[in-house]
Amino acid sequence: LADFRAGERTFQLLTQVAGRAGRGEQTGEAIVQTLYPGHYSVKLACRQDYPAFFERELEYRKGLRYPPFVALVNAVVRGRTFDEAMRLAQDLASALASHAGPGGFAVLGPAPAPLTRLRGEHRVQIFLKGSRREKMRQAMRAALAALPEVRRRVVVDVDPLSVL
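Residues numbered from 1 in each chain as written. Predicted model: local features only at pLDDT ≥ 70, side-chain atom pairs only at ≥ 80, totals over all residues. Heavy atoms only, no water.

## Quick word on the overall build of the chain
(1) Moving on: Counting secondary structure elements, the chain contains six helices and four strands.
(2) Moving on: The order of helices and strands in the chain, counted from the N terminus, is α-α-α-β-α-β-β-α-α-β.
(3) Moving on: Computed over its C-alpha atoms, the radius of gyration of the chain comes to 20 Å, more than 25% above the 15 Å expected for a compact globule of 164 residues.
(4) Moving on: Its C-alpha atoms give the chain principal-axis dimensions of roughly 65 × 40 × 25 Å.
(5) Moving on: Out of the 164 residues belonging to the chain, those deemed buried represent 35%.
(6) Moving on: For the chain, the accessible area works out to roughly 10,100 Å², and carbon and sulfur atoms hold 54% of it.
(7) Moving on: Side chains of the chain give 25 positive and 16 negative charges; the mean places of these two sets differ by 5 Å. (Helix = DSSP H or I, 4+ residues; strand = E, 2+ residues; numbered from the N terminus. Rg over C-alpha atoms; globule rule 2.2 N^0.38 Å. Buried < 20%, exposed > 50% of the residue type's maximum accessible area, 1.4 Å probe, protein only. Areas by Shrake-Rupley, 256 points an atom, 1.4 Å probe, with all protein chains shown as cover. Lys, Arg positive; Asp, Glu negative; His and termini not counted. Charge placed at Lys NZ, Arg CZ, Asp CG, Glu CD.)

## Let's talk about the nonpolar core
(1) Moving on: Counting residues in hydrophobic clusters, the biggest one holds 25 residues, and the most contacted among them are Leu-92, Leu-96, Ile-126, Leu-128, Met-140, Val-150 and Val-154.
(2) Moving on: Secondary structure elements with two or more residues in this core: strand S1 (71–79), helix H4 (82–100), strand S3 (121–130) and helix H5 (133–146).
(3) Moving on: Among the elements that make up this core, the one with the highest residue count is H4 (nine residues).
(4) Moving on: In this view, Leu-92 contacts Ala-75, Val-77, Ile-126, Met-140, Ala-143, Leu-144, Leu-147, Val-150 and Val-154; residues no more than four positions away in its chain are not counted.
(5) Moving on: Of all hydrophobic cores here, the second largest spans seven residues; its members include Phe-11, Tyr-40, Val-42 and Ala-45. (Core = buried A, V, L, I, M, F, W, Y, C linked by side-chain atoms within 4.5 Å. Contact = heavy atoms within 4.5 Å.)

## Notes on the pattern of salt bridges
(1) Moving on: Here the structure, examined in full by the defined rule, presents 11 salt bridges.
(2) Moving on: In this structure, the salt-bridge partner of Asp-49 is Arg-47, at a minimum N-O distance of 3.6 Å.
(3) Moving on: A relative accessible area of 22% places Asp-49 in the partly exposed class.
(4) Moving on: The class for Arg-47 is exposed, based on a relative accessible area of 56%. (Salt bridge = Lys/Arg side-chain N within 4 Å of Asp/Glu carboxyl O.)

## Section: the sheet that holds strand S4 (residues 154–158)
(1) Moving on: Ordered by their spatial adjacency, four strands build an open sheet running S2-S3-S1-S4, and the pairing between neighbours is antiparallel. Looking at which strands have only one partner, the edges of the open sheet turn out to be strand S2 (105–118) and S4. Ignoring which end each strand starts from, the neighbouring axes of this sheet average 20° apart.
(2) Moving on: Relative to S3, S2 is paired through eight bridges, and the arrangement is antiparallel. Note that in S3 the partner of Pro-112 across the bridge is Val-124.
(3) Moving on: Lying over the sheet, H4 contacts S1, S2, S3 and S4, oriented at roughly 160° with respect to S2. (Pairing = 2+ DSSP bridges. Axes fitted to C-alpha atoms, helices over the stretch in contact; angles between N-to-C directions.)

Below, the structure written as structure tokens:
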């Protein structure tokens, strides 16, 4: 999935499945079918190697600047049409960029959300990524205060558990 926590979820699910396969007096076996047998989350889950997975996952997240090394804010803008959602998201991204300043945070997007259409509405997302969570929060508040049309069409998630 297009989510930085996908490796963590894969490891968690595979270790859970493997753990259930060996309960009781009889030994069990878990068979995993995957397109990515070499991925560290799959290999380390097969070995039930929690410490090694933790180290690899931290290395991955640090290299790509993902939590816990930076803070994320996800803003999903909805519109009746894709063009409307994109226009509103571009307005929001421009307003946010004007508040970013040097060394503050990065504005990523807008881009179509992974679930592009939900409940009949088109969705576009913007990410704020940086080390200063309060500055990102203030910028989002100021941008939405200046854009009442966008404010009615956006859902903001600080430190999202899922980016889908």
